[in-house]
Amino acid sequence: MRGRLLLVATRALGGYCDAVAAALHERHPDARDLRGALSVALCADGEMAVELGTSVRGRDVFLFAGSARNALGLPSSECKLETYHAVDALRRAQAGRISLFEPYCGPGRSDRPTRRNSVGLWMHLKTLVELGVDHYLTFQLHSEKSGTFIDPVRCAVDDLPAHVLLKAHLCETAIGTVERHRARRGLASASSCA
């Protein structure tokens with residue numbers, strides 16, 4: 001990290017960002033002011049403006065954004081545009097480093113170039129890098145080649161293996177330790193014999 005940590009989110013992932021900020025604060029009670037504010041103004045002619053409500057100068061900013069289906073019912077195209085505006089606002093406000101966390105990359109399946117079609121993933125990632133994203137994080141891009149659409153010299157890419165993380169989370173929350181799992185199995189087999 002280059003500067004103090006700050007978490008901001010587009011509308012689609014505001015709740016997720018709040019949960020991450022709360023978890024970080026719980027583990028590090030001395031960490032203050034982790035959550036920054038973004039606001040969106042939609043104009044009558046269909047244009048959008050994103051404004052920061054927090055100073056980001058020199059800070060290491062994690063932007064939580066989604067370009068896919070979401071709980072708010074926002075269209076994918078609007079979510080992508082909001083993400084681009086948010087990155088632009090962060091760069092203009094002189095954020096020290098911008099890390100974009102997009103759990104599910106909506107255009108991720110559009111990664112097959114042919115001579116006569118557009119490649120949505122390439123356009124999405126190129127736009128993000130050109131706007132100033134320093135680090136892109138997501139859960140399992142559609143294919144191995146998808147991560148090669150970004151020049152690693154300009155922007156780091158972390159394609160996190162969601163299935164490994166999901167297994168670990170399920171084991172930790174639902175099963176617990178191996179001993180606890182064995183004890184549950186023992187109780188289940190004992191009750192089925194009765």
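Residues numbered from 1 in each chain as written. Predicted model: local features only at pLDDT ≥ 70, side-chain atom pairs only at ≥ 80, totals over all residues. Heavy atoms only, no water.

Asks: An account of the overall build of the chain is needed here, citing residue identities and associated values.
Replies: Along the backbone of the chain there are five helices and seven strands. Traced from its N-terminal end to its C-terminal end, the chain shows the element sequence β-α-β-β-β-α-β-α-β-β-α-α. The buried share among the 194 residues of the chain stands at 35%. Residue pairs at least 24 apart in sequence account for 66% of intrachain contacts in the chain once pairs closer than 6 positions are excluded. (Helix = DSSP H or I, 4+ residues; strand = E, 2+ residues; numbered from the N terminus. Buried < 20%, exposed > 50% of the residue type's maximum accessible area, 1.4 Å probe, protein only. Contact = heavy atoms within 4.5 Å.)

Asks: Kindly report on the side chain of Glu 102, identifying the contributing residues and their values.
Replies: Mapped onto the elements, Glu 102 comes out in strand β5 (residues 97-102). For the buried Glu 102, no salt bridge is present, and the opposite-charge side chain at shortest range is Lys 80, 8.0 Å distant. Apart from residues lying up to four places away in sequence, Glu 102 is in contact with Ala 65, Gly 66, Ser 67, His 124, Tyr 136, Leu 137, Thr 138 and Phe 139. (Lys, Arg positive; Asp, Glu negative; His and termini not counted. Salt bridge = Lys/Arg side-chain N within 4 Å of Asp/Glu carboxyl O.)

Asks: Which residues make up the pattern of salt bridges, and what values go with them?
Replies: Working definition: two side chains of opposite charge can pair if their charged atoms are close together. Overall, the coordinates contain five salt bridges when judged by the stated rule. A salt bridge links Asp 88 to Arg 92; the shortest N-O distance between them is 2.8 Å. Of this pair, Asp 88 and Arg 92 are both found in helix α2 (residues 76-92), four residues apart, which corresponds to roughly one turn of the helix. For Asp 88, a relative accessible area of 25% gives the class partly exposed. In this structure Arg 92 comes out as exposed when scored by relative accessible area, which is 66%. Asp 134 is paired through a salt bridge with Arg 91; the nearest N and O atoms lie 3.0 Å apart. Within this pair, whereas Asp 134 is found in the loop between α3 (120-131) and β6 (135-139), its partner Arg 91 is found in helix α2, the two being separated by 43 residues in sequence. By relative accessible area, which is 28% here, Arg 91 ends up partly exposed. Members of the salt-bridge network, linked through shared partners, are Arg 11, Glu 78 and Glu 82.

Asks: Tell me what's going on with the confidence of the model for the chain, and back it up with residues and numbers.
Replies: Per-residue pLDDT for the chain averages 79, and the proportion of residues at 70 or more is 71%. Mean pLDDT in the chain bottoms out at helix α5 (residues 178-193), which sits at 60, and peaks at strand β4 (residues 60-64), which reaches 95. (pLDDT = per-residue confidence, 0-100.)

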